[in-house]
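Each chain, letter by letter, is given below.
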Amino acid sequence: MALNGVAMGQVGQVIAWGDNGDGQLNVPDAAKSGVSAIAGGYAHVLALKDSGVLAWGWNGYGQCTIPTAAQSGVSAIACGFNHSLALKDSAVIAWGENGSGQCNVLDAAKSGVTAIAAMSDSSAALKNGCVLVWGSNGNGQLDIPVAAQSGVTAIACGASHIVALKGGSVLVWGSPWAGQYNIPIEAQSGVTAIAAKGDGSIALKNGSVLAWGRGPSVTPAEAQSGVTAIAKGWDHNIVLKNGAVLAWGANNFRQCDVPISATSGVTAIACGWDFSIALKCPPVTITGVIPISGPSSGNTNITITGTNFFSPTIVTIGGTPATNVIFVSDTQITATTPAGFPGPAEVTVNSVSSTAFY
């Protein structure tokens, strides 16, 4: 699922860098462990921990004052310019700036919602494949095209434009002035994730980043393969590759100076206006494999024990993917071995190696 400035990952610690003019980098102690999702606004941050929302940064419109309803049972979060959204029991909760009615949640968005996103002065939700929008319509963002009224699987929002993903193809409406409608031909099929902020958008296709509108339009070679997650700031982009954050574009607040702590073990990313956010999780360790051996023809059911396991889980035995992989808990995974050569075979869980299976 791709949401506006929000990312879901394994439970971990929030790291932030870039503009700190309003304390958006001052991660509270509560967000230094156990966080499962992050989102960035203009100068505030939301985090999800134990199904409750945490917030810090600028609070001029009360966007960091968490309503009681959002302190438990929340499954998703999103940030607008100066307002916040949460999804609870498939219903949207909104708070913060409301000058354009962006916090006046539509009745239709009070049930059955599966995704949320937010613009500067509008809000959006996804329900039964149809995009819902409320708040300002100054740039036509409430004029939902017919194509976005069914079959949509993901949404993202810039300042005043909306990006939707339908059948692997990108749709855009709202403000067009900075080239937001100039969707690359490559983004008309095979796209798996979208992100937007300000007047620009990016998409992920076959592990490579596509960009259009305001912001860096040239993707560095490192981000043209192997990328697994994307996020966009006002004038900078960040991506996730092999657990490390890559960043490029405007760096006036050092938002692209990725700290050493964000170069490994990162599972989710997000952007504020001129700052970057990452979710770093404790390292995976493998303590045992039971049984320790089986026939080279494969088909042995094994239990892998360790710490900090997370889903989705990828297990390989001797470099070959295991089958029937089941994430049981953060300390246990079950799987079935593939066929292999006689002798020791390295076991890996999400790229972390262990003692061999024989």
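Everything discussed here concerns the structure shown above.
Given the structure is predicted, the values throughout are model-derived calculations rather than measurements.

Concerning the state of the cysteines
Tallying each qualifying case throughout the model produces zero disulfides. With no disulfide of its own, Cys 256 has Cys 271 as its nearest cysteine by sulfur position, at a separation of 8.3 Å. The exposure class of Cys 271 is buried, given its relative accessible area of 0%.

Re the pairing of strand β13 (residues 169-174)
Working note: regular strand, side chains alternate between the two faces of the sheet. Within β13, six of the six residues are buried, which leaves it mostly tucked inside the rest of the structure. Covered by surrounding structure in β13 are Ser 169, Leu 171 and Trp 173 together with Val 170, Val 172 and Gly 174, the residues of both alternating faces. Looking at chain direction, strand β12 (residues 161-166) and β13 are connected through six bridges and run antiparallel. Considered in β13, the bridge of Leu 165 is made with Val 170. A loop of two residues connects β12 with β13, the two strands running antiparallel in sequence, and Gly 167 in this loop sits at a positive phi of about 55°.

Describing the sheet that holds strand β26 (residues 323-329)
The four strands are arranged β22-β23-β27-β26 in an open sheet whose pairing can be described as antiparallel. At either end of the open sheet lies a strand with only one pairing partner, and these are β22 (285-290) and β26. Averaged over neighbouring strand pairs, the angle between their axes works out to 20° when direction is ignored. Here β22 runs beside strand β23 (residues 301-307); their pairing, made up of five bridges, is antiparallel. Among the inter-strand pairings, Ile 290 is bridged to a residue of β23, identified as Thr 303.

Digging into the packing of aromatic side chains
Applying the stated criterion across every chain yields a total of five aromatic pairs. Considering the side-chain rings of Phe 81 and Trp 273, the 5.1 Å spacing of their centres and the 90° angle between planes classify their relative orientation as edge-to-face. Highlighted residues: Phe 81 in the loop between β5 (74-79) and β6 (83-88) and Trp 273 in the loop between β20 (266-271) and β21 (275-280), separated in sequence by 192 residues. Taking the centre distance of 4.7 Å and the plane angle of 15° together, the rings of Trp 234 and Trp 273 count as stacked.

Some words on unusual backbone geometry
Pro 291 follows Ile 290 through a cis peptide bond whose omega is -10°. Positionally, Pro 291 belongs in the loop between β22 and β23. Of note, the phi angle at Ser 51 is positive, near 70°, even though the residue is not glycine. Judged by its relative accessible area of 34%, Ser 51 falls in the partly exposed class. Phi at Asn 206 is positive, roughly 50°, even though this residue is not glycine. Residue Asn 206 is classed as exposed on the basis of its relative accessible area of 68%.

Some points on the pairing of β21
Within β21, five of the six residues are buried, which leaves it mostly tucked inside the rest of the structure. Bridge analysis of β20 against β21 gives five bridges, and the strand direction is antiparallel. Opposite Cys 271, over in β21, you have Ser 276 as the bridge partner. The turn linking β20 back onto β21 is made up of three residues.

Observations concerning the pattern of salt bridges
What the rule picks out here adds up to four salt bridges. Between Lys 32 and Asp 29 there is a salt bridge whose closest N-O contact spans 3.4 Å. A salt bridge links Arg 254 to Asp 257; its shortest N-O distance comes to 2.9 Å. On the basis of relative accessible area, Asp 257 is assigned to the partly exposed category, the value being 33%.

Re the side chain of Ser 175
Structurally, Ser 175 can be placed in the loop between β13 and β14 (191-197). You can call Ser 175 buried: its relative accessible area is 1%. Beyond its immediate sequence surroundings of up to four residues, Ser 175 is in contact with Asn 139, Ser 160, His 161, Gln 180 and Tyr 181.

Quick look at the sheet that holds strand β19 (residues 244-249)
Taken in spatial order, the three strands line up as β17-β18-β19 in an open sheet, and their pairing is antiparallel. Every interior strand has two partners, whereas the edge strands, β17 (227-232) and β19, have only one. Strand-to-strand twist of the sheet, defined as the mean angle between neighbouring strand axes without regard to direction, takes the value 20°. Across five bridges, β17 lies against strand β18 (residues 236-241) in antiparallel orientation. Note on β18: the bridge partner recorded for Val 227 is Lys 241.

Calculation criteria
Residues numbered from 1 in each chain as written. Predicted model: local features only at pLDDT ≥ 70, side-chain atom pairs only at ≥ 80, totals over all residues. Heavy atoms only, no water. Disulfide = S-S within 2.5 Å. Buried < 20%, exposed > 50% of the residue type's maximum accessible area, 1.4 Å probe, protein only. Helix = DSSP H or I, 4+ residues; strand = E, 2+ residues; numbered from the N terminus. Pairing = 2+ DSSP bridges. Axes fitted to C-alpha atoms, helices over the stretch in contact; angles between N-to-C directions. Phe/Tyr/Trp six-rings, centres within 6.5 Å; stacked < 30°, edge-to-face > 60°. Salt bridge = Lys/Arg side-chain N within 4 Å of Asp/Glu carboxyl O. Contact = heavy atoms within 4.5 Å.

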